[in-house]
Amino acid sequence: SAALSGPSGMLGREYREGALAYFSEVNRQGGIHGKRLKLLSLDDRYEPPLTLRNTRQLIERDKVFALFGYVGTPTVKTVLPLVESSKIPLIAPLTGAQLLRQPHRPMVFNLRASYHLEMDRMVNHLVRSGRHRIAVVYQNDAFGQDGLKGALKALKRHGLKPVATASVERNSTQTGGAARTVQQANANAVLIVAAYPSSASFSRDMHRQGSTAQLMNVSFVGTSALRASLQSHEASGIGVAQVVPFPWNERVPVVREYQRLMRRQQTRPHFGFSSLEGFLAAKMTVEGLRRAGPAPTRQRFVTALETMRNVDLGGYRVQLSPKDHNGSHYVDLTFPGSQRWEP
């Protein structure tokens, strides 16, 4: 279940495309122990009640083996009780929220680094570049609250507090009030914890006010979606944390494989961070299924994933164990310019 339509639909569609590129290749080669993979995808438009309805359908009617690639913190939060009571694995949700990491969730396997690690990296960068008047703009839900906590912790390590905080509603483009709050505080940097519709709207509002503050987004914003929502001069220089390698760097073996299989899957392939994350999530899932053997049960699958100690997916390492279901701590920063990255 993921946002496949609506204001945040681009994130779910890209993640799904990357996953399908790898799953399709595995099926072309005969599947896993002779069994083929099928990815059932239901649209929840990034709305928790729909996610819950979809998940009940997947578990009770469709009898799926595992849940895969959910998109977003509030949507995943609403299905966690069902995941735990059904004892069904949830693999590689597209969220870095702490609620999937602490306390330990036996049925949840995270691929990506946490938002708190992303915040550390962004705040370190801002402080090193002399920007200490840092504001936080966050989505008014579980995702935004998690990012806000991470931002406060990261700032505290440097003896700082935010000069302003402001919230925006999920999927909303009503961000003028948040922009005025930040501008009035004379912030020279802003940490943004929101999906791309709100982040793009806030960025435009700041641009109109003549702000020169450095804007920094957590990875969930979706770099391709954010850039598509802004004119090139508005997007130029905005920072985005990334939890997977640069999708155009063919020197990384898994990126080369990803590009090759995306070209096979699509006549006009579009590369990006979200689809590469979906591709890596599919690779992690397939490796776990291979290790689970020819007659996998959910419990064997869970146990198999927990044996993935320092597994190299092609320049991107995954480290899982019975006590730690956080696959990667990889975080990088990107700053899109006015040019396009696509070759």
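Scroll up to find the structure.
Every chain's residues receive numbers from 1 upward, in the order its sequence appears when written. Totals for whole chains, interfaces and linings use every residue, but because this is a predicted model, local features are given only for residues with pLDDT of at least 70 and side-chain atom pairs only at 80 or more, for both listing and counting. The side-chain values count all of the structure's non-hydrogen atoms but skip hydrogen atoms and water molecules.

Enquirer: Explain the nonpolar core to me, please; I cannot follow it from the model alone.
Expert: Generally speaking, soluble globular proteins have nonpolar side chains that are buried together. Only buried Ala, Val, Leu, Ile, Met, Phe, Trp, Tyr and Cys residues count toward a nonpolar core, and they belong to the same one when joined by side-chain atoms within 4.5 Å. Think of it in three bands: residues with accessible area under 20% of the maximum for their type are buried, residues over 50% are exposed, and the middle band is partly exposed, with areas taken using a 1.4 Å probe on protein chains only. Ranked by internal contacts, the top residues of the largest apolar core, which has 116 residues, are Leu67, Val190, Leu191, Phe202, Phe220 and Met284. Strands are runs of DSSP state E lasting at least two residues, helices are runs of H or I lasting at least four, and both sets are numbered from the N terminus onward. At 9 residues, helix α11 (residues 273–292) tops the list of elements feeding residues into this core.

Enquirer: How should the pattern of salt bridges be read in this particular structure?
Expert: Oppositely charged side chains may form a pair once their charged atoms are brought near each other. Whenever a carboxyl oxygen of Asp or Glu lies within 4 Å of a side-chain nitrogen of Lys or Arg, that contact is scored as a salt bridge. Inspection of every chain in the model, using the stated rule, returns 14 salt bridges. Among the ionic pairs, Arg170 bridges to Glu47, the shortest N-O distance being 3.7 Å. Here Arg170 is found in the loop between β5 (165–168) and α6 (176–184), whereas its partner Glu47 is found in the loop between α1 (9–28) and α2 (48–61), with 123 residues between them in sequence. In this structure, Arg121 engages Asp332 in a salt bridge whose closest nitrogen and oxygen atoms are separated by 3.9 Å. With Arg121 in helix α4 (residues 115–128) and Asp332 in strand β11 (residues 332–334), the pair connects residues that are 211 residues apart, well separated along the chain. By sharing partners, the salt bridges in this structure join Glu25, Arg28 and Arg264 into a single network.

Enquirer: I would appreciate a short explanation of helix α7 (residues 196–208) in the present structure.
Expert: Residues spaced three or four apart along an α-helix face the same direction, because each turn holds 3.6 residues. Expected helix span is given by 1.5 Å per residue-to-residue step, counting one fewer step than there are residues. Here α7 is 13 residues long and its end C-alpha atoms lie 18 Å apart, about the 18 Å a rise of 1.5 Å per residue gives. When you tally the buried positions in α7, you get 10 out of 13 residues, the bulk of the element. For α7, the complete set of buried residues consists of Tyr196, Pro197, Ser198, Ser199, Ala200, Ser201, Phe202, Ser203, Asp205 and Met206.

Enquirer: It is not clear to me how the side chain of Ser198 should be interpreted in this structure. Could you clarify?
Expert: By the secondary structure assignment, Ser198 is in helix α7. Residues count as neighbours in contact if any of their non-hydrogen atoms are within 4.5 Å of one another. Leave out the neighbours within four places in its chain, and Ser198 touches Val168, Glu169, Asn171, Ser172 and Thr175.

Enquirer: Where do I start with the sheet that holds strand β3 (residues 108–109) in this structure?
Expert: In a beta sheet, neighbouring strands are held together by backbone hydrogen bonds and run either parallel or antiparallel to one another. What the 3 strands build is an open sheet, ordered β1-β2-β3; its pairing is parallel. Every interior strand has two partners, whereas the edge strands, β1 (67–68) and β3, have only one. Between any two strands, at least two bridges found by DSSP are needed for them to pair.

Enquirer: In this structure, what is going on with the layout of surface pockets? I would like to understand it.
Expert: The rolling of a water-molecule-sized probe over the atoms marks out the regions of remaining empty space. Estimates place the volume of the largest pocket at around 770 Å³. Along the wall of the largest pocket there are 36 residues; nearest its centre are Leu37, Lys38, Leu39, Leu40 and Ala66. Only α1, β1 and α11 provide two or more residues apiece to the lining of the largest pocket. The leading source of residues in the lining of the largest pocket is α1, at 7 residues. Think of a 1 Å grid over the protein atoms and nothing else: a 1.4 Å probe that fits but is trapped marks a cavity, an open set flanked by protein within 12 Å on at least five of seven lines marks a pocket, and residues with an atom within 4 Å of a point count as lining. Taken together, 13 residues make up the lining of the second largest pocket; nearest its centre are Ser211, Ala213, Leu215, Ser236 and Ile238. Those elements giving two or more residues to the lining of the second largest pocket turn out to be α7, β7 (214–217) and α9 (232–235). Grid points are joined across faces, edges and corners, and a volume is the space filled by probe spheres set on the points.

Enquirer: Is there a simple way to think about α11 in this case?
Expert: Its 20 residues give α11 an end-to-end C-alpha distance of 29 Å, which sits within 8% of 28 Å, the value for a rise of 1.5 Å per residue. Along α11, 17 of the 20 residues are buried, which leaves the element largely enclosed by surrounding structure.

Enquirer: How should I be thinking about the packing of aromatic side chains in this particular structure?
Expert: For any two aromatic rings, the description comes down to two numbers: the centre-to-centre distance and the angle of the planes. For Phe, Tyr and Trp, rings pair up if their centres lie within 6.5 Å, where Trp contributes its six-membered ring, and each pair is then called stacked (planes under 30 degrees apart), edge-to-face (over 60) or tilted (otherwise). Within this structure, the stated rule accounts for 13 aromatic pairs. Relative to Phe301, the ring of Phe65 lies with its centre 5.6 Å away and its plane at 45 degrees, an arrangement referred to as tilted. With Phe65 in the loop between α2 and β1 and Phe301 in helix α12 (residues 298–305), this residue pair connects regions lying 236 residues apart in the sequence. Among the aromatic side chains, those forming a connected cluster through ring pairs are Tyr22, Tyr258, Phe271 and Phe279. Look at NZ for Lys and CZ for Arg. If either is within 6 Å of the ring centre and within 35 degrees of the ring normal, a charge sits over the ring. Sitting over the ring of Tyr46, Arg170 keeps its end group 5.8 Å from the ring centre.

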